[in-house]
Amino acid sequence: MTTQPDHITLPDDDGDDVGTYVPEAAGPVTPPSFSDFGVHPLIVQALADSGIHAPFPIQAMTLPVALGGHDIIGQAKTGTGKTLGFGVPLLHRIVSPTDPGYDDRPAPGKPQALVVAPTRELANQVMGDIKTAASLRGIRVTAIYGGRAFEPQLEALRAGVEVVVGTPGRLIDLAGQGHLDLSYVQTVVLDEADEMLDLGFLPDVEKLLAMTPASRQTMLFSATMPGAVVALARRYMTQPTHIRAINEEGDSGHTVAAIEQFVYRAHAMDKVEMLARILQARERGLTIVFSRTKRTAAKVADDLRERGFASASLHGDLGQGAREQALRAFRAGKIDILVATDVAARGIDVENVTHVVNYQCPEDEKTYLHRTGRTGRAGNTGVAVTFVDWDDLPRWGLINKALDLGIPDPAETYSSSPELFSDLDIPTTATGRLPRSERTRAGLDAEVLEDLGETGKAHRAPSRGGNDRSRGDRGGRDGQRGGDRTGGGQGSAPAASGDRPARSRNRRRTRGGSPQGS
DNA sequence: AAAAAAC
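Conventions adopted
Residues numbered from 1 in each chain as written. Chains lettered and ligands numbered in written order. Predicted model: local features only at pLDDT ≥ 70, side-chain atom pairs only at ≥ 80, totals over all residues. Heavy atoms only, no water. Buried < 20%, exposed > 50% of the residue type's maximum accessible area, 1.4 Å probe, protein only. Helix = DSSP H or I, 4+ residues; strand = E, 2+ residues; numbered from the N terminus. Polar contact = N/O pair within 3.5 Å; in protein donor to acceptor, adjacent residues only side chain to side chain. Near = heavy atom within 4 Å. Nonpolar A, V, L, I, M, F, W, Y, C, P; charged D, E, K, R; others polar. Axes fitted to C-alpha atoms, helices over the stretch in contact; angles between N-to-C directions. Parallel < 35°, antiparallel > 145°, perpendicular 65-115°, else oblique. Left-handed = near helix turned anticlockwise from the far one by under 90°. Contact = heavy atoms within 4.5 Å. Phe/Tyr/Trp six-rings, centres within 6.5 Å; stacked < 30°, edge-to-face > 60°. Lys NZ or Arg CZ within 6 Å of the ring centre and 35° of its normal. Expected span 1.5 Å × (residues − 1). 1 Å grid on protein atoms, 1.4 Å probe; cavity = no way out; pocket = protein on both sides within 12 Å on 5 of 7 lines; lining within 4 Å. Points joined across faces, edges and corners; volume = space filled by probe spheres on them. Domains from an automatic or database assignment. Pairing = 2+ DSSP bridges.

1. A closer look at helix H13 (residues 365–372)
Right, so step 1: Counting buried positions along H13 gives six out of eight residues, so the element sits mostly inside the fold.
Right, so step 2: By the burial criterion, the buried members of H13 are Thr367, Tyr368, Leu369, His370, Arg371 and Thr372.
Right, so step 3: One side-chain oxygen at the N-terminal end of H13 lies 3.2 Å from the backbone nitrogen of Lys366; it belongs to Asp364.

2. Focus on the protein's contact with DNA strand B
Right, so step 1: Taken together, the neighbourhood of DNA strand B is formed by 22 residues, with Arg170, Thr293, Lys294, Gly316 and Arg323 sitting nearest.
Right, so step 2: Counting only the atoms of DNA strand B that lie within 4 Å of the protein, the sugar and phosphate share comes to 81%.
Right, so step 3: Here a phosphate oxygen of DNA strand B sits 3.1 Å away from a polar atom, N or O, in the main chain of Gly147.
Right, so step 4: Within the backbone of Lys294, an N or O atom sits 2.7 Å from a phosphate oxygen of DNA strand B.
Right, so step 5: Here the element with the most residues in the surface near DNA strand B is helix H6 (residues 168–176); it accounts for four residues.
Right, so step 6: Taken together, the residues of the surface near DNA strand B sort by class into five nonpolar, 10 polar and seven charged.

3. What about the packing of H6 against helix H8 (residues 202–210)?
Right, so step 1: It is at 10 Å that the axes of H6 and H8 come closest, and there the two elements cross at 40 degrees. With respect to H8, the element H6 is oriented oblique. Viewed along their axes, H6 and H8 form a crossing whose handedness is left-handed. Listed contacts from H8 to Pro168, Gly169, Leu171 and Ile172 of H6 are Asp204, Lys207 and Leu208.
Right, so step 2: Classifying every residue of the contact of H6 with H8 gives four nonpolar, one polar and two charged.

4. Describing the packing of aromatic side chains
Working definition: an aromatic ring pair is given by the centre-to-centre distance plus the angle between the planes.
Right, so step 1: This structure, assessed with the given rule, holds four aromatic pairs.
Right, so step 2: With a centroid separation of 6.1 Å and an interplanar angle of 55 degrees, the aromatic rings of Tyr359 and Phe387 are classed as tilted. Taken together, the residues Tyr359 in the loop between strand S14 (353–358) and H13 and Phe387 in strand S15 (residues 382–388) connect sequence positions 28 residues apart.
Right, so step 3: Plain terms: the ring middles of Tyr368 and Trp396 are 5.7 Å apart, the flat faces sit at 65 degrees to each other, and that makes the pair edge-to-face. Here Tyr368, found in helix H13, pairs with Trp396, found in helix H14 (residues 393–403); they are 28 residues apart in sequence, far enough to count as distant.
Right, so step 4: Given the relative accessible area of 0%, Tyr368 is considered buried.
Right, so step 5: Its relative accessible area of 1% is what places Trp396 among the buried residues.
Right, so step 6: Through a chain of ring-to-ring contacts, three or more aromatic side chains come together here, namely Tyr264, Tyr359 and Phe387.
Right, so step 7: It is Arg170 that lies over the ring of Phe150; its NZ or CZ is 3.9 Å from the centre.
Right, so step 8: The positively charged end of Lys271 is found above the aromatic ring belonging to Tyr359, 5.5 Å away from the centroid.

5. Some words on the packing of helix H4 (residues 120–134) against helix H12 (residues 320–331)
Right, so step 1: Running from amino to carboxyl end, H4 crosses H12 at an angle of 55 degrees, the nearest separation of the two axes being 11 Å. With respect to H12, the axis of H4 lies oblique. H12 is crossed by H4, and the crossing has right-handed handedness. Of the residues in H12, those touching H4 at Arg120, Glu121, Asn124 and Gln125 are Gln320, Arg323, Glu324, Leu327 and Arg331.
Right, so step 2: For the contact of H4 with H12, the residue count by class is one nonpolar, three polar and five charged.

6. Observations regarding H4
Right, so step 1: Here H4 is 15 residues long and its end C-alpha atoms lie 21 Å apart, about the 21 Å a rise of 1.5 Å per residue gives.
Right, so step 2: Turning to H4, its buried residues number three or more, namely Glu121, Leu122, Ala123, Gln125, Val126, Met127, Asp129, Ile130, Ala133 and Ala134.

7. What to know about the layout of surface pockets
Right, so step 1: Quantified by volume, the largest pocket comes out at close to 610 Å³.
Right, so step 2: If you go around the largest pocket, you meet 27 residues; those closest to its centre are Pro118, Thr119, Glu195, Phe201 and Asp342.
Right, so step 3: Elements supplying a minimum of two residues to the lining of the largest pocket: H6, helix H7 (193–196), helix H9 (227–233) and H13.
Right, so step 4: Of the residues that constitute the lining of the largest pocket, the class distribution is 10 nonpolar, seven polar and 10 charged.
Right, so step 5: Both domain 1 (9–245) and domain 2 (259–464) contribute no fewer than three residues apiece to the lining of the largest pocket.

8. Some remarks on the pairing of strand S7 (residues 187–191)
Right, so step 1: Most of S7 sits inside the fold, with five of its five residues counted as buried.
Right, so step 2: Residues Thr187, Val189 and Asp191 of S7 are buried on one face, and the alternating residues Val188 and Leu190, pointing to the opposite face, are buried as well.
Right, so step 3: Inspection of the sheet shows strand S4 (residues 113–116) paired to S7 by four bridges, in the parallel sense. Bridging across to S7, Val115 finds its partner in Val189.
Right, so step 4: Strand direction decides the pairing type here: S7 and strand S8 (residues 217–222), joined by five bridges, are parallel. Within S8, the position partnered with Asp191 by the bridge is Phe221.

9. Observations regarding the sheet that holds S8
Right, so step 1: Taken in spatial order, the seven strands line up as S5-S6-S4-S7-S8-S3-S9 in an open sheet, and their pairing is parallel. Edge positions in the open sheet fall to strand S5 (141–144) and strand S9 (241–245), since each of these has one partner strand only. Averaged over all pairs of adjacent strands, the angle between strand axes in this sheet comes to 15 degrees, irrespective of strand direction.
Right, so step 2: Looking at chain direction, strand S3 (residues 72–76) and S8 are connected through four bridges and run parallel. From the neighbouring strand, Ile72 faces S8, where its bridge partner is Met219.
Right, so step 3: Its contacts with the sheet put H4 on S4, S5, strand S6 (163–166) and S7, and the angle it makes with S5 is roughly 175 degrees.

Listed below in structure tokens is the structure:
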């Protein structure tokens, strides 16, 4: 495997970042297995049983620090294994009481690790991932979140659990009622930490943290970690080590290179038709369509069903049962289109999501990264298409600038002046029709790109830095489980994308050569 | 301004 961490930022005695640690200069940082970090054999075995053999960069970088009991602010791009980055250490610390940092209070059945997530579905997913790694050691993992009956959750707590994963409201509720004892918690994780420390969540998160021992280990993880959040986070942490798993040089550090990104200038009334055409892509697997409002999500799902697509919506106006049913059907491939609000923007990991469509432009660059990051995970490639309508122009301008996508100002791309498109590798003509030789790209069928008229100009973000070596030959859930994709796309691994003809792109990777999949 | 998150 060619993936390797590029640098780790180490703290000085005050916990401040002091510089960059370059792995090549100090020997290998990515050993061949979890065992090399001293991870408990039964955890290693459970991981191996699910096809996970070698740690991803964020995991390799995090493990030694986390097992030492230190606080961590961990940042790695979408789909690169953050969940096990905290899941493995928190489990190891539960089963290995002699490790440094363990406070040696035997409290079987009392929660010793608490993971907090911003949505119920994510809490559920993370619970499952940790449970898999914990299975052979009999560590009990449970999810605590709202929208569901109290009784089963209370029953699980009564029976005894060592790891609790949940959303803030229900956790506080049950803790306040004395059903959830957080006084033995030794590890607290804020997943999607920048979101959890945002205004809407911060008061609840503070309450939860206050219920845990001050001596706890605190770990924050997210793909996006603004400096202001890091500064704020230090108030709740003890000399945190800031760990960033960044792609190799040449990468702008923002978007995932494996996600091919397109932007369409779209008139609101044309969006459904444009979407329908994109959904006819020949090599499309599962697709998530994002909207900014619950109403639009429901409406678009309806429109698509009317047109014969197997779609369902996922948003906060649905009952929890319906939400989970929609996600379950999507995971199982019973429907291949999920139309969601930003409830599904963060963390949700579904195999074989080949396309993400921003039916409504995301609010900011963080949301753009998280939404588009539902595809292109774990070494696979993906396609992200964003519709930008008149109202979105300023919004998109900010995203484009913040992420350095290199896409011309949307106000300019709206112009039909051909010079403005000369640098783009998708040629546009007066009619917006593409020449025959250029019709298939981004996994979109030729028909999809035809006849889109003024709104049909696709503007592809140039690849950053032309270095794709960091795309690991791995696949599967949380980036590491083996398994096949459906829907073809057996192509060769993309080479440096900056100098490749466009038509050779967009092939999903083959699955061979995985260091973890055999 | 929207969405999320407890009852």
